[in-house]
Amino acid sequence: MPSVYIKTYGCQMNERDSEAVAAQLVAKGYTLAQSEHVADVILLNTCSVRDLAEQKAVHKMENLAADIRRSRPNVVLGFLGCMAQSRGRELIDRLPDVDLVVGTQKFHRTADYLDDIIDGRRDHVVDIEEEKGSEAMIREHLLNGTQAAQSVTAFVSIMQGCNQYCTFCIVPYTRGAERSRTFPDIVAECRELVGRGVKEITLLGQIVTSYGKRWSSSFSLPGTSPSADTLKRELQRPGKSAFVQLLEGVNEIDGLERLRFTSPHPKGYGDDLVEAYRRLPKLCESAHLPVQSGSDRILRRMHRGYTREQFLGLVGKLRHVNPEMGITTDIIVGFPGETEADFEETMSLMRKAAFDNAFVFKYSPRKDTPAATLPDPVPQEVIAERHGRLLDLVNDIGREKYRRDVGKRVQILVEGPSRKNPARLEGRTRTNKIVVFEGSERHRGQLLDVKVTRAGSFTLYGDPAILNDQ
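As the structure is a prediction and not an experimental result, all values here were calculated from the model.

### Quick notes on the side chain of Arg69
Inspection of the secondary structure puts Arg69 in helix α2 (residues 51-71). A distance of 3.1 Å separates the side chain of Arg69 from the backbone oxygen of Pro73, its partner in a polar contact. Within polar-contact distance, the side chain of Arg69 engages the backbone oxygen of Asp97 at 2.4 Å. With sequence-adjacent residues up to four places away left out, Arg69 is seen in contact with Leu64, Asn74, Val75, Val76, Leu77, Asp97 and Asp99.

### As for the sheet that holds strand β2 (residues 31-32)
Strand order in the open sheet made by the 6 strands is β2-β1-β3-β4-β5-β6, with parallel pairing throughout. The sheet is open, and its two borders are formed by β2 and β6 (125-127), each paired with just one other strand. Examined bridge by bridge, strand β4 (residues 76-81) and strand β5 (residues 100-102) share 3 bridges and lie parallel to one another. Its bridge partner lying in β5, Gly78 is registered against Leu100.

### Considerations on the pairing of strand β3 (residues 41-46)
Across the 6 residues that make up β3, a large majority, 6, are buried. Residues Val41, Leu43 and Asn45 of β3 are buried on one face, and the alternating residues Ile42, Leu44 and Thr46, pointing to the opposite face, are buried as well. Strand direction decides the pairing type here: β3 and β4, joined by 6 bridges, are parallel. Paired with Val41 across the two strands is Val76, which belongs to β4. Tracing the backbone out of β3, into α2 and back to the parallel element β4 gives a crossover that is right-handed.

### Let's talk about the environment of Leu447
Residue position: Leu447 is located in strand β18 (residues 447-455). Exposure remark for Leu447: the relative accessible area of 32% places this residue in the partly exposed category. Sequence separation between Leu447 and Ala33 is 414 residues, and the spatial gap between their C-alpha atoms is 32 Å. Not counting residues within four places of it along the chain, the set of residues in contact with Leu447 comprises Glu257, Arg258, Gln411, Ile412 and Leu413.

### Digging into the pattern of salt bridges
The full count for this structure, using the stated rule, is 51 salt bridges. In this structure, Glu285 engages Arg430 in a salt bridge whose closest nitrogen and oxygen atoms are separated by 3.0 Å. With Glu285 in the loop between α10 (271-279) and β12 (286-288) and Arg430 in the loop between β16 (425-429) and β17 (434-437), this residue pair connects regions lying 145 residues apart in the sequence. Take Glu285 and Arg430: they sit in the same class, and that class is buried. In this structure, Asp396 engages Arg399 in a salt bridge whose closest nitrogen and oxygen atoms are separated by 2.9 Å. On the criterion of helical spacing, the pair formed by Asp396 and Arg399 is a turn pair, its members being 3 residues apart in helix α14 (residues 380-403). What you see here is one network of salt bridges that share partners, running through Arg16, Glu19, Arg139, Arg181, Asp185 and Glu189.

Calculation criteria
- Residues numbered from 1 in each chain as written.
- Predicted model: local features only at pLDDT ≥ 70, side-chain atom pairs only at ≥ 80, totals over all residues.
- Heavy atoms only, no water.
- Helix = DSSP H or I, 4+ residues; strand = E, 2+ residues; numbered from the N terminus.
- Polar contact = N/O pair within 3.5 Å; in protein donor to acceptor, adjacent residues only side chain to side chain.
- Contact = heavy atoms within 4.5 Å.
- Pairing = 2+ DSSP bridges.
- Buried < 20%, exposed > 50% of the residue type's maximum accessible area, 1.4 Å probe, protein only.
- Right-handed = clockwise from strand over helix to strand, strands pointing away.
- Salt bridge = Lys/Arg side-chain N within 4 Å of Asp/Glu carboxyl O.

Dropping the structure here:
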């Protein structure tokens, strides 16, 4: 059978989609290639959130078509995911060597389409149509590269799409409207993963806190169960959202050690979700809260649905539940109309919130989004200068927060070899900080108490001599 290599751009949702496609291909007899240079099929799972991500994928495919086609003309080349969804046939028109373009609701069709192309039944396939029930089709897992291998952590997709329509964001156009999977289906997938040795599960969605507001379209298909009406009745409990009830259900799985979720929307954090951090022992005290800007004026232009004061109030509530709560965020610099005063409001919010880390992005106009046509674009040199200033502040705050952990004893879940130094192991604290230490393979999957001996750039280091030392 052919070998396949998948390169993934973008977010954790894309990583999860790539894993599911790989698992489906392995189930049909494909093997996974270690490199694009030896693969019979090369797939790029793309991102459209920023123009840079799209350009990287296009340039990568151009290079593949130019280099690989000369020596291996029968290699199948394909685009998957968000950019495939937004550009469709345009990608094949621009790059005639591309054989396959599969959109975000068609990942589960990839294996069948590849069979058709390899067997000569079709020359090209472009499929970016909507499909009912597609949100329930991303459920296969390929742990550590093979279905039989163990992995310590896993992502589980609980919903697809987004109905927020932030003015800068292309996701509602590439991922479609919100569609939630059923509660029993998600819990069953989580239970199966734990049975395969997974210790930590992260629930994924474009806006996970919107889970259950709009149910899967697959409920209307013949033979599906339970019905949308049944689910609504079961999950309508006063003061408790469907998402919190899902957290409770996963928290009860025997053998699961830790539970996380991403990405939420700040306005989706009701008091029931804040309180869940206190009640649910497996829910890690870690929250990623994308604020995007510290200026109320810019937040309104972004259509974010909350104010600076409301956001800081949420941060305060979470830290009241647990003062050690790990909180990270996303920031966009240079949104159209952003003045120096607006930017200073963002800098001020960063100081007040004292995030553990922040992902800082330069504004990138995306086609068909309202922000792309807003007046008063910020000059690129101004965006670059503000971006650098904000990164310096993020690094200063993070350096101080990580330094405070030196000398503390922290619990980590050991995930495996360090990505930067495979001779060492790494794990994460419950607050989602990476800890690197010297250990052996037997530590993989274990919960260990490690004393932090030093702090690097958003990384902690533990001394193996005092592992579990009393």
